[in-house]
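Here is how the chains run, residue by residue.
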Amino acid sequence: MKHIVAGHVAVTATDFVELALGTPVELWLGVEGESDQERAARLDAARDILADHPWLPDEVSRIAAEVIEAQAPELFNVVPLPRPVERRHRSRRGAAA
């Protein structure tokens, strides 16, 4: 099954994420062995992108939830747990003062 985003074919999961977000995954996750200066520049760029696109974290969460639901729908089969029974403590009226 092919995933096409904005006219580009996503071959791997990383391709799909990059095409959906419009940014390379490394921008958000970093790369092994990056220098402090590279890390600072990367985080600066990420902050600029988030400032220009404040909806991006919500969009990423939505995309991730859709992918999980499509690939592993059983993860969203939530069963409500029974509520614990509230116990009332007896009042000890008339106790000696």
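Scroll up to find the structure this text is about.
Parameters and conventions
- Residues numbered from 1 in each chain as written.
- Predicted model: local features only at pLDDT ≥ 70, side-chain atom pairs only at ≥ 80, totals over all residues.
- Heavy atoms only, no water.
- Axes fitted to C-alpha atoms, helices over the stretch in contact; angles between N-to-C directions.
- Helix = DSSP H or I, 4+ residues; strand = E, 2+ residues; numbered from the N terminus.
- Left-handed = near helix turned anticlockwise from the far one by under 90°.
- Contact = heavy atoms within 4.5 Å.
- Nonpolar A, V, L, I, M, F, W, Y, C, P; charged D, E, K, R; others polar.
- Salt bridge = Lys/Arg side-chain N within 4 Å of Asp/Glu carboxyl O.
- Buried < 20%, exposed > 50% of the residue type's maximum accessible area, 1.4 Å probe, protein only.
- Polar contact = N/O pair within 3.5 Å; in protein donor to acceptor, adjacent residues only side chain to side chain.
- Patch = residues over 30% accessible without salt bridge, like charges linked within 9 Å, V, L, I, M, F, W, Y side chains within 5 Å.
- Areas by Shrake-Rupley, 256 points an atom, 1.4 Å probe, with all protein chains shown as cover.

Asks: Is there a simple way to think about the packing of helix H1 (residues 13–21) against helix H4 (residues 56–71) in this case?
Replies: Two quantities define a packed helix pair, namely the angle between the axes and the distance from one axis to the other. Two elements in contact, H1 and H4, have axes whose closest approach is 11 Å; the angle formed by their N-to-C orientations is 145°. Judged by the twist between their axes, the crossing of H1 over H4 is right-handed. Contacts from Phe16, Ala20 and Leu21 of H1 reach H4 at Leu56, Val60, Ile63 and Val67. Of the residues assigned to the contact of H1 with H4, the class counts are seven nonpolar, no polar and no charged.

Asks: Any chance you could explain the pattern of salt bridges here in plain terms?
Replies: Evaluated as defined, the whole model comprises four salt bridges. Here arginine 42 ties to glutamate 34 by a salt bridge, and the two come within 2.8 Å at their closest N and O atoms. A residue is classified by how much of its surface remains accessible, and arginine 42, at 12% relative accessible area, is buried. For arginine 62, the salt bridge identified is with glutamate 66, shortest N-O distance 2.5 Å. Within this pair, arginine 62 and its partner glutamate 66 are both found in helix H4, separated by four residues, close to a single helical turn. Taking relative accessible area as the criterion, arginine 62 reaches 37% and is therefore assigned partly exposed. The exposure class of glutamate 66 is partly exposed, given its relative accessible area of 42%. When salt bridges that share partners are traced, they join Glu59, Arg62 and Glu66 into one network.

Asks: What's the story with the environment of threonine 23 in this structure? I'm lost.
Replies: Mapping threonine 23 onto the fold places it in the loop between H1 and helix H2 (25–29). Taking the C-alpha atoms as reference, threonine 23 lies 9.4 Å from alanine 46; in sequence the two are 23 residues apart. When near neighbours in sequence (up to four residues on either side) are disregarded, threonine 23 contacts Glu18, Trp28 and Ile49. Here tryptophan 28 takes part through its side chain, which lies 2.7 Å from a polar atom of the side chain of threonine 23.

Asks: What should I look at first to understand a nonpolar patch on the surface in this one?
Replies: Where nonpolar side chains cluster on the molecular surface, the patch consists of Ile68, Leu75 and Phe76 and spans about 280 Å² of accessible area. If you trace the backbone, leucine 75 turns up in the segment after H4.

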